[in-house]
Amino acid sequence: MSLFSAEGIAINFGGIKAVDGVTFDIEQGEVFTIIGPNGAGKTTIFNLMSRIYDSTEGRLIFDGQDITRVPAHRVASLGIARTFQNIELFEHATLLQNLLLARHAHKKSNFWSELLFTPATRRMEIEHREAVEHVIDFLDLQQYRDSYIVNLPYGVRKVTELARALCTNPKLLLLDEPSSGLNVEETEDMAFWIQDIKNLLGITVLMVEHDMTLVSAVSDRVLALNYGRPLAIGKPA
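Structural notes, computed from the coordinates. Because the structure is a prediction, the values reported are computed rather than measured.

Quick word on the overall build of the protein
(1) Moving on: The helix and strand inventory of the protein stands at eight helices and 10 strands.
(2) Moving on: What you see for the protein is a C-alpha radius of gyration of 18 Å, in line with the 18 Å of a compact globule of 237 residues.
(3) Moving on: Principal-axis analysis of the C-alpha atoms gives the protein an extent of 55 × 40 × 35 Å.
(4) Moving on: When each of the 237 residues of the protein is scored for burial, the buried share is 48%.
(5) Moving on: Of the roughly 11,700 Å² of accessible surface on the protein, a fraction of 52% belongs to carbon and sulfur atoms.

Quick word on the pattern of salt bridges
(1) Moving on: Following the criterion strictly, the structure yields 13 salt bridges and no others.
(2) Moving on: Between Asp54 and Arg51 there is a salt bridge whose closest N-O contact spans 2.4 Å.
(3) Moving on: By relative accessible area, Arg51 is classed as buried at 7%.
(4) Moving on: Between Asp63 and Lys171 there is a salt bridge; the shortest N-O distance is 2.6 Å. Here Asp63, found in the loop between strand 4 (57–62) and strand 5 (65–66), pairs with Lys171, found in the loop between helix 6 (154–166) and strand 7 (172–176); they are 108 residues apart in sequence, far enough to count as distant.
(5) Moving on: A relative accessible area of 37% means that Asp63 is categorised as partly exposed.
(6) Moving on: A relative accessible area of 37% means that Lys171 is categorised as partly exposed.
(7) Moving on: Members of the salt-bridge network, linked through shared partners, are Lys17, Asp20, Glu57 and Arg229.

Here we look at the sheet that holds strand 3 (residues 31–35)
(1) Moving on: Spatial ordering of the open sheet is given by 6-7-8-3-9-10, a layout of six strands whose pairing is mixed. Because the sheet does not close on itself, it has two edges, and the strands there are strand 6 (80–82) and strand 10 (229–234). Across the sheet, the mean angle separating the axes of adjacent strands is 20 degrees when strand polarity is ignored.
(2) Moving on: Taken together, the three bridges between strand 6 and strand 7 define a ladder with parallel strand orientation. Bridging across to strand 7, Ile80 finds its partner in Leu172.
(3) Moving on: Relative to the sheet, helix 6 contacts strand 6 and strand 7, its axis offset from that of strand 7 by approximately 160 degrees.

Quick notes on the layout of surface pockets
(1) Moving on: Approximately 630 Å³ is the volume found for the largest pocket.
(2) Moving on: In terms of lining, the largest pocket is formed by 20 residues, of which the most central are Ala72, Ala76, Ile80, Arg82 and Thr168.
(3) Moving on: Among the elements of the structure, helix 2 (75–78), strand 6, helix 3 (95–102) and helix 6 are those that each provide at least two residues to the lining of the largest pocket.
(4) Moving on: For the lining of the largest pocket, the per-class residue count stands at 12 nonpolar, five polar and three charged.

Observations regarding helix 3
For an α-helix the count is 3.6 residues per turn, leaving residues at separations of three or four pointing the same way.
(1) Moving on: Three or more residues of helix 3 are buried, namely Leu95, Leu96, Asn98, Leu99 and Ala102. All buried residues of helix 3 fall inside an arc of 160 degrees around its axis, so they share one side.
(2) Moving on: Next to the buried residues of helix 3 lie helix 5 (119–138) and helix 6.

A look at the sheet that holds strand 5
(1) Moving on: Judged by pairing direction, the sheet is antiparallel, and its four strands sit side by side in the order 2-1-4-5 without closing on themselves. Every other strand in the sheet has two partners, leaving strand 2 (16–26) and strand 5 as the edge strands with one partner each.

Some details on unusual backbone geometry
(1) Moving on: In the Ramachandran plot, Asn169 falls in the positive-phi region, its phi being about 55 degrees despite a non-glycine side chain.
(2) Moving on: Mapped onto the fold, Asn169 is located in the loop between helix 6 and strand 7.

Points about the nonpolar core
(1) Moving on: Core analysis: the biggest nonpolar cluster contains 35 residues, and Leu139, Leu141, Leu162, Leu166, Leu173, Ile194 and Ile197 have the highest contact counts within it.
(2) Moving on: Mapped onto this core, the elements with two or more residues apiece are helix 3, helix 5, helix 6, strand 7, helix 7 (184–199), strand 8 (204–208) and helix 8 (212–218).
(3) Moving on: The element that contributes the greatest number of residues to this core is helix 6, accounting for six residues.
(4) Moving on: Ile194 has contacts with Val31, Leu175, Pro178, Met207, Leu214 and Val218, leaving out every residue within four places of it along the chain.
(5) Moving on: Residues Phe32, Ile67, Val70 and Ile80 belong to the second largest nonpolar core, which totals 30 residues.

Reading the values: rules and limits
- Residues numbered from 1 in each chain as written.
- Predicted model: local features only at pLDDT ≥ 70, side-chain atom pairs only at ≥ 80, totals over all residues.
- Heavy atoms only, no water.
- Helix = DSSP H or I, 4+ residues; strand = E, 2+ residues; numbered from the N terminus.
- Rg over C-alpha atoms; globule rule 2.2 N^0.38 Å.
- Buried < 20%, exposed > 50% of the residue type's maximum accessible area, 1.4 Å probe, protein only.
- Areas by Shrake-Rupley, 256 points an atom, 1.4 Å probe, with all protein chains shown as cover.
- Salt bridge = Lys/Arg side-chain N within 4 Å of Asp/Glu carboxyl O.
- Pairing = 2+ DSSP bridges.
- Axes fitted to C-alpha atoms, helices over the stretch in contact; angles between N-to-C directions.
- Contact = heavy atoms within 4.5 Å.
- 1 Å grid on protein atoms, 1.4 Å probe; cavity = no way out; pocket = protein on both sides within 12 Å on 5 of 7 lines; lining within 4 Å.
- Points joined across faces, edges and corners; volume = space filled by probe spheres on them.
- Nonpolar A, V, L, I, M, F, W, Y, C, P; charged D, E, K, R; others polar.
- Arc of directions from axis to C-beta.
- Core = buried A, V, L, I, M, F, W, Y, C linked by side-chain atoms within 4.5 Å.

Pasting the structure below:
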């Protein structure tokens, strides 16, 4: 059974059909990439999957569960994490604080246990911090741990957003143009991270990307879209 399936999904904005009957499956442990020109509906599919938009037709199936109408705030706890085309971080918080926020999806304490800082809450806090430190080490972000996001270079911010998504312990990671704004060296580093996320962490990746060198380097399968409709699906070649 596929980890994720989109079955004839569609969405209209006024008289414009941004996504028009798109169907695809993502297998466990693969890197699946959606390509196409601007306006093809790539990011719109991400917004449907992360429940920012409601589809007008079709179904979304994740890990055997229909998530077509699941509230957006439940998506991360189900095991879907994403990055954004335009970086969405808390600029006046540190890198560490941004990553700890991602652990909220796994929060089990309540107001009183937090206020009294019970032993169970203390153990959970240690668990969350260990998970975050593991991601910091994995992505070589140690030197930026206590730096404010607003003071970090663009390339480091892109990796930080990737780190925050990983801190939710996802089964499926959505990467929206991960190489956007990066130089050649940073893009090569991003390719290594994506391959390590798949091979070492066992996380399935769905990516939207324009850089065909990156697409060819990391993708197992590719879906090409235009005007919201699928043109072709198969190996990158």
